[in-house]
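# A closer look at the structure
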Amino acid sequence: MGSNEMVVVPEIKHTKLFINGEFVDAASGKTFETRDPRTGDVLAHIAEADKADVDLAVNAAREAFEHGKWPRMSGYERGRAMHKLADLMEQHTEELAALDGADAGKLLLLGKIIDIPAAVQMLRYYAGAADKIHGDSLRVSGKYQGYTLKEPIGVVGIIIPWNFPSLMFFLKISPALAAGCTVVVKPAEQTPLSALYYAHLAKLAGIPDGVINVVPGFGPTAGAAIASHMDVDSVAFTGSGEVGRLIMEASARSNLKTVSLELGGKSPLIIFDDADVDMAVELSRLAIFFNKGEVCVAGSRVYVQEGIYDEFVKKAVVAAQNWKVGDPFDVATNMGPQVDKEQFERVLRYIEHGKSEGATLLTGGKRAGDKGYYIEPTIFADVKEDMKIAQDEIFGPVMSLMKFKTVDEAIEKANCTKYGLAAGIITKNLDIANKVSRSVRAGTVWVNCYFAFDPEAPFGGYKMSGFGRDQGMMAMDKYMQVKSVITAVPDSPW
Ligand code: ADP
């Protein structure tokens, strides 16, 4: 554990709702606390949005969409404003990483070199896409011609989780903004700080009032108000399966707004006999312990072929024990605290399940230190497919290890959860890599790497990991309507 002396709390400048270009109190006057998971102490009191505030935010977004400049600017101009916001983010990287670090217990160092730069890259990718929106020309039969127009869908509601507050924010808003939409974003109640800072920067970047609105608050109130709003045209959600269902239901019961859901996973990492064991151990450690396992694509089920299993297990245990748990602001730390008390307790409950279900606890398995929400890197072996720790998304630093014999057995086991978000394969055998890549039912497959993200690569789930894709040009389609325009050509020569 790192020493508590490391705790440095960044200055928090923005704590109110951001509606129509202004920071405002909640209509109710209510606030909620956001806490520092390193200590459990209150970091800030944040204005708490509820239905009345969501109504105001949606009205502002609607007005900006129907009558404002944003959807009417050229894509080039929208892209320029987005690049300007990205420039400002780069100038404030340190501060933004510190906000996410204190709010979510994320490593400050990685915030500076991964989270914030990746959010900037996402924004710049879609800034470049804003003037590359093309329809098709259609050779319709008879004396007609046709073309398709891609139009922004309108007001987009965005509901995001707390594990990557900056990246999630830009993963969703960037393609929506590029398309010419206006947005109402509800960040997770655990991590509202950076989203409010981005609202401030967006204003400085010249993004018109009403285009980006940020309404921190709780799911059943502010989140539900967005999902069931009659004047929101689409909702993009990342979070749990249970809430994903509620969002679809809310859409069905209200205005049938389009919905896209990214709902987490239980991703397998499959390691074959020909793998370099040291490299496999390193990748598997990263796959589950990076960001304290609070990653929807965490490699939480590790399948190791029998020939290297024993060697892998020995080395994986040592690697886990060397993964340093401590203050995320200390550069020597590998893993900070879980985001809040609820998640901390939930992960510890899963560890108890693992023990009582008969899995073998190889290392870790309890709280680290006596303050804050730290948990030891934990590995279970002898995990069976029907155990809870092999099926449920734990969202914590808990690896489940299983042994397999054949390629087909690995494929079958890899596919045996309700999820299908990601998978990893470690082998030098091209035929195995290709067969498994095609056989695994998951939206992303990493071969001899893990967490290799890029804005170009569409990202989303199979099965109950959701539907719709973030990233890539495909993500633009979520935020656009397609209109077919057919014109009569009475004097067509053919
Ligand atoms: P997690 O388990 O990662 O916290 P949740 O699905 O609970 O995932 O939360 C993800 C996001 O969904 C958060 O912003 C949360 O406030 C929001 N949320 C929770 N409940 C609801 C709901 N009933 N309607 C809309 N949004 C919700």
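Higher on the page you've got the structure.
Residues numbered from 1 in each chain as written. Predicted model: local features only at pLDDT ≥ 70, side-chain atom pairs only at ≥ 80, totals over all residues. Heavy atoms only, no water.

Looking now at the site of the ligand. If you check the shell around the ligand, you find 17 residues, and the closest are Ile 160, Trp 162, Lys 186, Glu 189 and Ser 240. Contact distances for the ligand include 2.6 Å between an oxygen atom and a side-chain N or O atom of Glu 189. Here an oxygen atom of the ligand sits 2.7 Å away from a polar atom, N or O, in the side chain of Ser 240. Where the shell around the ligand is concerned, the elements lending two or more residues are helix H7 (219-227), strand E10 (234-238) and helix H8 (241-253). It is H7 that provides the largest number of residues to the shell around the ligand, a total of 4 residues. Its residues assigned to classes, the shell around the ligand shows 10 nonpolar, 5 polar and 2 charged. (Near = heavy atom within 4 Å. Polar contact = N/O pair within 3.5 Å; in protein donor to acceptor, adjacent residues only side chain to side chain. Helix = DSSP H or I, 4+ residues; strand = E, 2+ residues; numbered from the N terminus. Nonpolar A, V, L, I, M, F, W, Y, C, P; charged D, E, K, R; others polar.)

Now for the sheet that holds strand E18 (residues 422-426). On the basis of which strands lie adjacent, the open sheet formed by 7 strands has the order E14-E15-E16-E13-E12-E18-E19 and mixed pairing. The strands lining the two open edges of the sheet, one partner per strand, are strand E14 (360-363) and strand E19 (444-447). Neighbouring strand axes in the sheet, compared pairwise and without regard to direction, differ in orientation by 25 degrees on average. Where strand E13 (residues 301-305) lies against strand E16 (residues 398-404), 5 bridges are found, and the strand directions are parallel. Counted as the bridge partner of Gln 305 is Phe 404 from E16. Against the sheet, helix H10 (residues 306-321) engages strand E12 (268-271), E13, E14, strand E15 (378-381) and E16, with an angle of about 140 degrees to E13. (Pairing = 2+ DSSP bridges. Axes fitted to C-alpha atoms, helices over the stretch in contact; angles between N-to-C directions. Contact = heavy atoms within 4.5 Å.)

Turning our eyes to something else, we now look at the pairing of strand E3 (residues 31-36). The side-chain alternation of E3 yields one buried face, formed by Phe 32, Thr 34 and Asp 36, and one unburied face, formed by Thr 31, Glu 33 and Arg 35. As paired strands, E3 and strand E4 (residues 41-47) are joined by 6 bridges and run antiparallel to one another. When the sheet's bridge partners are listed, Thr 31 is paired in E4 with Ala 47. Where E3 hands over to E4, the hairpin turn is made up of 4 residues, of which Gly 40 adopts a positive phi near 85 degrees. (Buried < 20%, exposed > 50% of the residue type's maximum accessible area, 1.4 Å probe, protein only.)

Another aspect to go through is unusual backbone geometry. The phi dihedral of Leu 256 falls on the positive side, at around 55 degrees, and the residue is not glycine. Here Leu 256 shows up in the loop between H8 and strand E11 (258-262). If you check the backbone angles, Asn 291 has positive phi at about 55 degrees while not being a glycine. With respect to the secondary-structure elements, Asn 291 resides in the loop between helix H9 (277-289) and E13. Using a relative accessible area of 9% as the deciding quantity, one classes Asn 291 as buried.

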